[in-house]
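Analysis of the macromolecular model
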Amino acid sequence: MAFNHLPAGAHDALSPLSVTPVTHSVSMAQNQLPPQAGIRPSPRTVLGRIARGADRAARITHTEHLPPRIGSHARWPERIRPEVVAAIRTAGVDQPWEHQARTAERAMNGESVVVATGTASGKSLAYLAPVLSALLDGTPTSQESTGRSAGVSRGAGGRGATALYLSPTKALAADQRRTVAELSAPLGHAVRAAVYDGDTPVEERDWIRRHANYVLTNPDMLHRGILPAHARWSSFLRSLRFVVVDECHTYRGVFGSHVAQVLRRLRRICARYGASPVFLLASATAADPAVAATRLTGVPVSEVTEDASPRGEVVFALWEPPLTELHGEQGAPVRRTATAESADLLTDLAVQGVRTITFVRSRRGAELIALIAQEHLAAVDRSLPSRIAAYRGGYLPEERRALERALHSGELLGLAATTALELGMDIAGLDAVVITGYPGTRASLWQQAGRAGRAGQGALAILVARDDPLDTYLVHHPEALFQRPVESTVLDPDNPYVLAPHLCAAAAELPLTDADLDLFGPAAVELMPQLEQRRLLRRRATAWHWTRRERATDLTDIRGTGGRPVQIVEEATGRLLGTVDAAAAHTTVHDGAVHLHQGRSYLVRRLVLEDSVALVEAASPPYSTTARDTTAISILETTTEVPWGDARLCFGSVEVTNQVVSFLRRKLITGEVLGESKLDLPPRTLRTRAVWWTVTQDQLDEARVLPEALGGALHAAEHASIGLLPLFATCDRWDIGGVSVPLHPDTLLPTVFVYDGHPGGAGFAERAFHTAARWLTATREAITACECESGCPSCIQSPKCGNGNDPLDKKAAIRLLATLLTGAPPTAEDPGQAD
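Described below are features of the structure shown in this document. Quantities reported herein were computed from a predicted structural model and do not represent experimental measurements. (Residues numbered from 1 in each chain as written. Predicted model: local features only at pLDDT ≥ 70, side-chain atom pairs only at ≥ 80, totals over all residues. Heavy atoms only, no water.)

A closer look at the overall build of the protein
We count it as follows: Strands are runs of DSSP state E lasting at least 2 residues, helices are runs of H or I lasting at least 4, and numbering of each runs from the N terminus. When accessible area is computed with a 1.4 Å probe and restricted to protein chains, residues below 20% of their type maximum are described as buried, those above 50% as exposed, and intermediate ones as partly exposed. By definition in these notes, contact holds between two residues if any of their heavy atoms fall within 4.5 Å.
Looking only at helices and strands, one finds 27 helices and 31 strands in the protein. Buried positions account for 60% of the 835 residues belonging to the protein. Pairs at least 24 apart in sequence give 75% of the contacts found in the protein among residues at least 6 apart.

Written out as structure tokens, the structure is:
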């Protein structure tokens, strides 16, 4: 039997919700004076109030105090137009910070540059100053094609210089549009900024193509809408001077690899029209940002990393929910869920008048936290529940815009949000951030924490640990968060599953020549014969042409979600409630699943896969649902193999076959299993990259792992290693999956696999291979340090295990990992791959 642990979309249901009365919020409200306008309590004071009482104080495992920082000013480069400098001063900025001035100087020199500084450090202004200067006078950068006048640059129809802004989310683009409008108001009609995305009305799109000189969009629209229709955008592209890539650290893994190829297609089309734009990138603090930005864009990029902006005091608390009297699978002790704990904290902060955003990984979690907080606040003050809301992907455009306006205006006091609001939206005035579970990377952790204190005031950040190995490890090892640098960005533009559809899309835009292939990387030459054999491309004379009638861009979803989103439709009315990614549909909107939307629950009546529709009806079942599945894995190719004594550590290509076979119904309060229902869903196959290790019988004897304990030992080691991998690779546990097999048919040995949850791989398994010694050592230490007797969610149990966390053997896993690690050679880890 194989024991599996699935990547993103496999199990989105939450662990059992342990809800207890929030009497502390009510008592706090009785003694809490309404906050006075303009007076904000310090973050230490706020934390002291919500941690009042021995029981609450014991949940804080560590508090990190980051002192305030004084800023350092500079002067704008002389080539920034005086009108732009005046407009910036009108907006309240007399002088730039040093990193803003350095970034603007390099941009005006025609140098592609990435500014990688802390949250709220003014990165937007660093790239907007040179962009607005270029738009104001149309002056070309030094990279402009030869033969043009050194004076004002004009495209077709007299259009001056243009700029393109790319953001990973629609919310961020809309926010940047507001910022540009406010900043450029004194410049009159010289700056014509417009958002061009899937929500843009059709009647506005033609005006944007013809007249806008600053277009704000996202990689998805660039991929599907702008590049395939480049002839209609020729005037804009011919005059393109700057391409702004905001929050570029989010472009990692498969998504980042897709965006890298979209940017190469953009550069190719721009060259066709005689333009060579300068790339201006903004990133959260990251390791080697210039290296990552160069890999993303394909052009040399310099970096500005010294943050010269001021910062208020930040108090960062690590918070571990208490154990409950409940017992979960296999009788394991259960902690109160991070969801319930975060809802309580949001309630308490709202009672104090502290403006708060609570981040949570899943859409369902965001809905639950908002709903629980609203219910608790209704018992305190009937005016407060309406000031709490949820924000997540899958909402309709008008719902998202209304929530964003309410957050900006201060109408909302608290928000439970997915990572859709993690990025650089200027959410002024927030006082606190509650992070529900480690977000997967230290870069994301600091990005989320930085949402508070954006006006320079002090801020409180609280990381609430989930009951899983990584979160438990982190709240008891704060040095892993506060004394380590942020991770390097991992992406692989040469992944053939990524590259092939972009070569087809490029050929559909303009026939591909041999000279073009260098732009797309060395793997492109090898792929062309395969694309010809599949009759996707045909060579005629000196170029390859797209041969199909359908759109080449439909060959891939750059978000890596695995196909067309599934629409969630209310069966009785035909009303569209929202969408869910195709990859998550089998586990979240299968027949009989419970679906939450804006605090209301629905029951899925039917999932129609061929139409990508889930039909639902309003219902209030007293249970949640959790999908169960089976997984098999086969080795296609072993790329690298390293001996660890008698054991072997390997990296290569695998094929994973997964099928959702049933779902459990659990009571909301206790998590008690009410029953299991069978499902008839088709299997799904994934070809990807994996790291795996094998052990021999002699090693099992040395570790005293008996045959009856072998499956549980391997399964426990697999779960824990997946949980700890995000410390060593730029991923989270939802990006990866695993399988453990007591006797695998390809290796003929006990084997544990950890694989990338994306076709072709995302680079995570490769990073795991190169850091295996440290990774597996931390795994063993995490299991050993857990105080439970035989295994719990804090060490070896997984919330998304397809086998119900059975079998698991904690003690045998510790002995097995210790024996495995004794054979690890010093060269098993490449120091260059370490964090």
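Observations regarding the packing of aromatic side chains
To be explicit about the condition: A pair of Phe, Tyr and Trp rings is counted when the ring centres sit within 6.5 Å of each other, with Trp represented by its six-membered ring. The angle between the planes then sorts it: under 30 degrees is stacked, over 60 is edge-to-face, the rest tilted.
The final tally for this structure, using the stated rule, is 10 aromatic pairs. Ring centres of Tyr-196 and Trp-233 lie 5.0 Å apart, and the angle between their planes is 85 degrees; on these two criteria the pair is classed as edge-to-face. Note that Tyr-196 is positioned in the loop between strand 5 (193-195) and helix 8 (202-211) and Trp-233 in the loop between helix 9 (219-226) and helix 10 (234-238), a separation of 37 residues in sequence. Across the pair, Trp-233 and Tyr-196 agree in class, each one buried. The interplanar angle of 40 degrees and the centroid separation of 6.1 Å between the aromatic rings of Phe-651 and Phe-769 together place this pair among those described as tilted. Placement of Phe-651 in strand 27 (residues 647-667) and of Phe-769 in helix 25 (residues 764-770) is noted, with a sequence separation of 118 residues between them. In this pair, the class of Phe-651 matches that of Phe-769, namely buried.

Thoughts on the sheet that holds strand 18 (residues 512-513)
Selection rule: In this description, strands pair whenever DSSP reports at least two bridges between them.
Pairing within the open sheet is antiparallel, and its 3 strands lie in the order 18-20-19. Strand pairing shows two members of the sheet lacking a second neighbour, strand 18 and strand 19 (537-540), which therefore form its edges. Strand direction decides the pairing type here: strand 18 and strand 20 (residues 543-546), joined by 2 bridges, are antiparallel. Considered in strand 20, the bridge of Thr-513 is made with Ala-543.

A word on the side chain of Glu-570
The condition is simple: N or O atoms within 3.5 Å of each other form a polar contact, as long as, within protein, one can give a hydrogen and the other can take it, and as long as residues adjacent in sequence are counted only when both atoms are side-chain atoms.
With respect to the helices and strands, the residue Glu-570 is situated in strand 21 (residues 566-570). Residue classification places Glu-570 among the buried positions, given a relative accessible area of 13%. Polar side-chain contacts of Glu-570 include one of 3.0 Å to the side chain of Thr-573.

Remarks on the nonpolar core
So the rule is basically this: Joining through side-chain atoms within 4.5 Å is the link that ties buried Ala, Val, Leu, Ile, Met, Phe, Trp, Tyr and Cys residues into a set, and such a set is a nonpolar core.
Judged by nonpolar contacts, the single largest core of 84 residues is most densely connected at Phe-316, Trp-644, Trp-693 and Trp-775. In terms of residue count, the dominant contributor to this core is helix 24 (residues 707-724) (9 residues).

Let's talk about the pattern of salt bridges
Two side chains carrying opposite charge are able to pair once their charged atoms lie near each other. What counts is decided by this rule: Should a side-chain nitrogen of Lys or Arg be within 4 Å of a carboxyl oxygen of Asp or Glu, the pair is scored as a salt bridge.
Inspection of every chain in the model, using the stated rule, returns 29 salt bridges. Note that Arg-466 is salt-bridged to Asp-471, the shortest N-O span being 3.5 Å. Residue Asp-471 is classed as buried on the basis of its relative accessible area of 3%. Among the ionic pairs, Glu-789 bridges to Lys-811, the shortest N-O distance being 3.2 Å. Of the two residues, Glu-789 is situated in the loop between helix 26 (772-785) and helix 27 (810-822) and Lys-811 in helix 27; the sequence distance between them amounts to 22 residues. What makes Lys-811 partly exposed here is its relative accessible area of 49%. The network of salt bridges with shared partners includes Asp-55, Arg-59, Arg-336, Glu-341 and Asp-344.

So, helix 13 (residues 338-351)
Put simply, the rule is: To estimate the expected span of a helix, count its residues, drop one, and scale the result by 1.5 Å.
Helix length check: helix 13 (14 residues) gives 20 Å between terminal C-alpha atoms against 20 Å at 1.5 Å per residue, within 8%. Among the residues trailing helix 13, Gly-353 stands out with phi positive, at a value near 80 degrees.

Overview of the side chain of His-590
Mapped onto the fold, His-590 is located in the loop between helix 22 (582-588) and strand 23 (594-597). The contacts of His-590, once residues within four sequence positions are left out, are Ala-585, Val-604, Leu-607, Ala-627, Phe-663, Leu-679 and Leu-681.

Digging into helix 19 (residues 496-509)
Taking 1.5 Å of rise per residue, 14 residues should cover 20 Å, and helix 19 covers 20 Å from first to last C-alpha, within 8% of that figure. Buried residues of helix 19: Val-498, Leu-499, Ala-500, Pro-501, His-502, Leu-503, Cys-504, Ala-505, Ala-506, Ala-507 and Glu-509, and no others. Tucked inside the fold, the buried residues of helix 19 contact helix 9, helix 11 (253-272), strand 18, helix 21 (523-533), strand 19 and strand 20. Residue Asn-495 occupies the N-cap position of helix 19, its side-chain oxygen lying 2.9 Å from the main-chain nitrogen of Tyr-497.

Examining the pairing of strand 7 (residues 240-245)
The criterion, for reference: Look down the strands so they point away from you; if the path from the first strand over the helix to the second goes clockwise, the crossover is right-handed.
A large share of strand 7 lies buried, amounting to 6 of its 6 residues. Where strand 4 (residues 162-166) lies against strand 7, 5 bridges are found, and the strand directions are parallel. The residue bridging Ala-163 from the neighbouring strand is Phe-242, located in strand 7. Of the strand pairs in this sheet, strand 7 and strand 8 (residues 278-283) are connected by 4 bridges, and their pairing is parallel. In the strand pairing of strand 8, Val-245 is matched with Leu-281. What joins strand 7 to strand 8 is helix 11, and the crossover it makes is right-handed.

Focus on the packing of helix 17 (residues 469-476) against helix 24
Applied cut-off: Structural elements are reduced to axes, namely lines fitted to C-alpha atoms, with helices fitted over the stretch in contact, and the angle between N-to-C directions of any two is expressed from 0 to 180 degrees. Should an angle fall under 35 degrees it is taken as roughly parallel, and over 145 as roughly antiparallel, whereas 65 to 115 is taken as roughly perpendicular and any remaining angle as oblique. The sense of a crossing depends on the near helix, which, turned anticlockwise from the far helix by less than a right angle, makes the crossing left-handed and, turned clockwise, makes it right-handed.
Where helix 17 meets helix 24, the axes come as close as 7 Å, and the angle between the chain directions of the two elements is 55 degrees. Between helix 17 and helix 24, the interaxial angle falls into the category oblique. Here helix 17 and helix 24 pass one another in a crossing that is right-handed. Residues Pro-469, Leu-470 and Tyr-473 of helix 17 form the contact with helix 24, whose participating residues are Ala-720, Gly-723 and Leu-724.

Quick notes on the pairing of strand 10 (residues 314-319)
Counting buried positions along strand 10 yields 6 of 6 residues, so the element is predominantly enclosed. Side chains Val-314, Phe-316 and Leu-318 of strand 10 all project onto a buried face; the interleaved residues Val-315, Ala-317 and Trp-319 project onto the opposite face, where all are buried too. Judged from the 6 bridges that link them, strand 2 (residues 60-66) and strand 10 form a sheet pairing that is antiparallel. In the strand pairing of strand 10, His-62 is matched with Leu-318. Here 6 bridges tie strand 10 to strand 17 (residues 459-464), and the two strands are oriented parallel to one another. Bridging from a neighbouring strand, Leu-318 pairs with Leu-463 of strand 17.

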